[in-house]
Amino acid sequence: MTKFKVPIEKPKPDINRFLDIMKGKIIPDKPPLVEYLIDDALMKPILENMLGRKWVETSDKIDYMGGQMDFSKENIKTVNAWLDNQIAFWYHMGYDFVRVEASLTLPAISLKVADTAKGVKGVTRAWQDETKGVIRSWDDFEKYPWPKITENDFYIHRYICDHLPDGMGFISCHAGGVYEHLSRLMSYEGLCYTLYDDPALFKAVTDKIGGLIYEYDKHLLELDKLTLILQGDDYGYSEQVLIPPEDIRKYFLPWHKKYAQLSHEKGKPYYLHCCGKVDAIMEDLINDVKIDGKHSFQDGVASIFDAKKLYGDRICLLGGVDMDKLARYEPENLRKYIRQIINKCAPGGKFAIGAGNSISSYIPVENYLTMCDTALTY
Amino acid sequence: MSNEILENLKKAILEYESEKAANLAREALEKKIDPAKALNVMTEAVRQVGDGFGRGELWLPDLVGAADAMQSAMPIIQKEIERKGMKVETLGVVVVGTVFGDIHSIGKTMVCTLLAAEGFTVYDLGVNVTAEKFIEAVKKYKADILAMSALMTMTAPEQRKVIAILKKENLRDKVKVMVGGGSLTEEFAKNIGADGYDPTAPGGAKLARRLLNK
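Calculation rules
- Residues numbered from 1 in each chain as written.
- Chains lettered and ligands numbered in written order.
- Predicted model: local features only at pLDDT ≥ 70, side-chain atom pairs only at ≥ 80, totals over all residues.
- Heavy atoms only, no water.
- Helix = DSSP H or I, 4+ residues; strand = E, 2+ residues; numbered from the N terminus.
- Rg over C-alpha atoms; globule rule 2.2 N^0.38 Å.
- Buried < 20%, exposed > 50% of the residue type's maximum accessible area, 1.4 Å probe, protein only.
- Contact = heavy atoms within 4.5 Å.
- Domains from an automatic or database assignment.
- Buried area = accessible area lost by both parts, 1.4 Å probe.
- Salt bridge = Lys/Arg side-chain N within 4 Å of Asp/Glu carboxyl O.
- Pairing = 2+ DSSP bridges.
- Right-handed = clockwise from strand over helix to strand, strands pointing away.
- 1 Å grid on protein atoms, 1.4 Å probe; cavity = no way out; pocket = protein on both sides within 12 Å on 5 of 7 lines; lining within 4 Å.
- Points joined across faces, edges and corners; volume = space filled by probe spheres on them.
- Nonpolar A, V, L, I, M, F, W, Y, C, P; charged D, E, K, R; others polar.
- Phe/Tyr/Trp six-rings, centres within 6.5 Å; stacked < 30°, edge-to-face > 60°.
- Core = buried A, V, L, I, M, F, W, Y, C linked by side-chain atoms within 4.5 Å.
- Polar contact = N/O pair within 3.5 Å; in protein donor to acceptor, adjacent residues only side chain to side chain.

Engineer: Even after reading the chapter, I still don't get the overall build of chain B, so can you show me in this structure?
Structural biologist: Scanning chain B for helices and strands turns up nine helices and five strands. For chain B, whose C-alpha radius of gyration is 17 Å, the value lies close to the compact-globule estimate of 17 Å for 214 residues. Projected onto its principal axes, the C-alpha positions of chain B cover 55 × 40 × 30 Å. Across the 214 residues that make up chain B, the buried fraction comes to 56%. Here the analysis covers contacts within chain B between residues at least 6 apart in sequence; of these, 75% occur between residues at least 24 apart.

Engineer: How do you make sense of the side chain of A:Ser187 when you look at a structure like this?
Structural biologist: Checked against the element boundaries, A:Ser187 lands in the loop between α6 (178–186) and α7 (188–197). Among all residues touching A:Ser187, those that are not within four sequence positions of it are A:Asp129, A:Glu130, A:Thr131, A:Lys132, A:Gly133 and A:Leu182.

Engineer: Sorry, what's going on with the domain arrangement of chain B here?
Structural biologist: Bring the parts together and some accessible area is lost; that lost area is often taken as the interface size. All names here are of chain B. Segmenting chain B into domains produces domain 1 (2–83) and domain 2 (93–211). Computed from C-alpha coordinates alone, the two centres of domain 1 and domain 2 are separated by 25 Å. Across the interface of domain 1 and domain 2, roughly 940 Å² is buried in total on both sides, 78% from carbon and sulfur atoms. At the surface where domain 1 touches domain 2, the tally comes to one salt bridge. Here Asp 51 and Lys 206 are joined by a salt bridge, their closest N and O atoms 3.8 Å apart.

Engineer: Would you take a moment to explain the environment of A:Ile338 for this structure?
Structural biologist: Residues and elements named next belong to chain A. Among the structural elements, Ile 338 can be located in helix α13 (residues 331–345). Along the sequence, Ile 338 and Thr 374 sit 36 residues apart, while their C-alpha atoms lie 7.1 Å from each other. When residues no more than four places from it in sequence are discounted, the contact partners of Ile 338 are Val 321, Ile 353, Met 371 and Thr 374.

Engineer: When you look at the pairing of strand β5 (residues 226–232) of chain A in this model, what are you seeing that I'm missing?
Structural biologist: Both faces of the sheet carry side chains from a regular strand, because those side chains alternate between them. Residue and element names in this part refer to chain A. With respect to burial, β5 is a largely interior element, seven of its seven residues being buried. In this sheet, β5 lies alongside strand β4 (residues 169–172) in parallel orientation, the contact comprising three bridges. For Ile 171, the partnering residue across the bridge sits in β5 and is Leu 228. As paired elements, β5 and strand β6 (residues 270–273) share four bridges and run parallel to each other. If you follow Leu 230 over to β6, its bridge partner there is Tyr 271. Taking the sense of rotation as the criterion, the β-α-β connection linking β5, helix α9 (residues 245–265) and β6 turns out right-handed.

Engineer: Whenever I open this one, empty space enclosed by the protein confuses me. Can you help?
Structural biologist: One water molecule sets the probe size; rolling that probe over the atoms shows where empty space is left. Residue and element names in this part refer to chain B. Within this structure, the stated rule accounts for one cavity of 30 Å³ or more. In this structure, the largest cavity encloses a volume near 40 Å³. For the largest cavity, the full set of lining residues is Val 46, Val 49, Gly 50, Leu 63, Ala 66, Ala 67, Met 110, Thr 113 and Leu 114. For the lining of the largest cavity, the per-class residue count stands at seven nonpolar, two polar and no charged.

Engineer: So what exactly am I meant to see when it comes to the packing of aromatic side chains here?
Structural biologist: Centre distance and the angle of the planes are the two values used to describe a pair of aromatic rings. All names here are of chain A. One pass over the full model with this rule turns up 21 aromatic pairs over all chains. Ring plane angle 85° and centroid distance 5.8 Å describe the contact between Trp 138 and Phe 141, whose orientation is recorded as edge-to-face. Here Phe 141 and Trp 138 lie together in helix α4 (residues 138–143), a separation of three residues that amounts to about one turn. With relative accessibility at 36%, the residue Trp 138 sits in the partly exposed group. Among the residues examined, Phe 141 registers a relative accessible area of 12% and is labelled buried. These aromatic residues form a ring-pair network of at least three members: Tyr 179, Phe 202, Tyr 235, Tyr 251 and Phe 252.

Engineer: Help me understand unusual backbone geometry, please; the structure alone is not making it clear to me.
Structural biologist: Peptide bonds are trans in most cases, and residues, glycine excluded, mostly fall at negative phi. In the segment running from A:Val6 into A:Pro7, the intervening peptide bond is cis, with an omega of -5°. Mapped onto the fold, A:Pro7 is located in the segment before α1 (15–23). At B:Asn128, a position not held by glycine, the phi torsion is positive, near 55°. By the element assignment, B:Asn128 lies in the loop between β2 (121–124) and α6 (131–140). The residue B:Asn170 is not glycine, and still its phi comes out positive at about 60°.

Engineer: Before we go on, may I ask you to explain the nonpolar core in this structure?
Structural biologist: Generally speaking, a soluble globular protein has its nonpolar side chains buried in company with each other. With 190 residues, the main nonpolar core has A:Trp146, A:Tyr188, A:Phe252 and A:Tyr368 as its most contacted residues. Per-element accounting of this core gives the leading share, twelve residues, to helix α4 (residues 60–83) of chain B. Each of two domains, domain 1 (2–83) and domain 2 (93–211) of chain B, supplies a minimum of three residues to this core. Not counting residues up to four positions away in its chain, the partners in contact with A:Tyr368 are A:Ile38, A:Leu42, A:Ile46, A:Phe89, A:Met93, A:Tyr95, A:Ile359 and A:Ile363.

Engineer: What is the right way to read the interface of chain A and chain B from this model?
Structural biologist: In this assembly, 30 residues from chain A lie in contact with 26 residues from chain B. Interface area, chain A with chain B, both sides summed: about 2600 Å², of which 67% is carbon and sulfur. A salt bridge links B:Glu187 to A:Arg328, with the shortest nitrogen-to-oxygen separation between them at 3.6 Å. Our count for the contact surface shared by chain A and chain B stands at five residue pairs in polar contact (both at pLDDT 80 or more).

Engineer: What is the right way to read the sheet that holds strand β1 (residues 93–98) of chain B from this model?
Structural biologist: Working definition: the strands of a sheet are paired by backbone hydrogen bonds and lie parallel or antiparallel to each other. All names here are of chain B. In space, the five strands of this open sheet follow the order β2-β1-β3-β4-β5, with parallel pairing throughout. The sheet is open, and its two borders are formed by β2 and β5 (196–197), each paired with just one other strand. Inspection of the sheet shows β1 paired to β2 by four bridges, in the parallel sense. Each residue of the ladder has a partner; that of Val 95, found in β2, is Tyr 123.

Engineer: Could you clarify how one ought to interpret the sheet that holds β5(A) in this entry?
Structural biologist: Residues and elements named next belong to chain A. Taken together, seven strands build an open sheet; the order of strands is β1-β4-β5-β6-β7-β8-β9 and the sheet is parallel. At either end of the open sheet lies a strand with only one pairing partner, and these are β1 (97–99) and β9 (351–352). Relative to β9, strand β8 (residues 316–318) runs parallel, the two being bridged by two bridges. Opposite Leu 317, over in β9, you have Phe 351 as the bridge partner.

Shown next as structure tokens:
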């Protein structure tokens, strides 16, 4: 196997430098690393085989977005060991921050099928039902077990803050944004019909979720060591936005504007992970919501090269390595491609290199290591 | 009167009124309207929505709404066509499904509706379809086209697997293969040996025509 610079034995993370680069205050000789989410299928072999750590399963339920952990006395040691692994992974892989997120308990219908990714055996993936939601009427809305936010919801965040290595920051958010949870609870088809047939119900469910995330963010932002919120909320697919832009502006962006304001009041940036072709709402996100950074850029959908030209002087750009290329390219071609991205996007700062979307189970470990190595040795 | 019912049926689909569309389909049959004429107005409406989507004037929820309204009225009309033993001209037989390991259905269902609107005979195998089931259906329905959907990069290789089995079973020359799904690219489609790829559902329906030179 190729010798990589990662994992690093004695890393020197510097979250303040990371933030200064993202603000354009420092123009670095090479961009820092960034990731949104990294699948267990990659974390496990790296932690076990390269860092000599023991892999820990958390017994979280896969059908809740972000998982739901068992914080009972009997299980807390397991949760802590899992968190120690998370911290060790982000630290030794050369990041300036740990990124972990969790969701409130928002049960929905999940469909489980086998993970067909190469090399992944015996793992089940949960997908949200696209056609049938748990909320289809006002009665469903009233009866839905809406969660109450408790201090227990922030156990993992406090643990991370208390165990951060020197120089490391902590990036988090509520796992799943307003639109994402709406589509989980109503299903995509269900929300489409409700949008036209009963816009009041559509708004009620949206606002209920939006309000919960707002309260959640208030708690998050109380954590001194929280660097920033990088919220996920996917509004697009490969061709366009998932619902008409005017409806995104009407129902969802006002919530993100509130989250951004909340962050800004605390002097922290607000970044958004938003998949797909979202050109139709990009100016709204920058000018009205006032996001400070955006993640998820993929060639052919929303390329990082185009984003650099269009938005690179106004917000910071995160990621940009196309998932298809990251999954399929031979390491040498991948290195060339990543160097090309750095050459074009690093000048001027406000750029961190990483995958264009979450690092999923189908990404070969060697390719992920190649990406990190190329960036760190640039 | 019959014109008014047909106009309302078309309007119901254009306004995504599923229940209304189904009721109007029933009313059309009660009033002895030619089911082929009813089918025509329905497919015309769906094509209109598909074209609007293609021009960037309509959005995904519009396609979903029109497809749903069409799906609710279509079986009523089709049943009558079958009962009467009427022969409906078809552009060809298409077997459609989402590959194994993938449960995403919206894109696939829209392709089915738009293919039917174009005039194809469509067999929808559903989601999480194994390679064996695809092959079985291609044989059973004597398919002219096999259309496979895969939303995820991790499930897309299943399409390659099905094409390999088609070759093994000496079926590859008898059926055109088209692929689609959010994670796919033209390059990937060529690489796995598919005959065609289109990123959108309306584009997929037009592609099917091109593949059969119709």
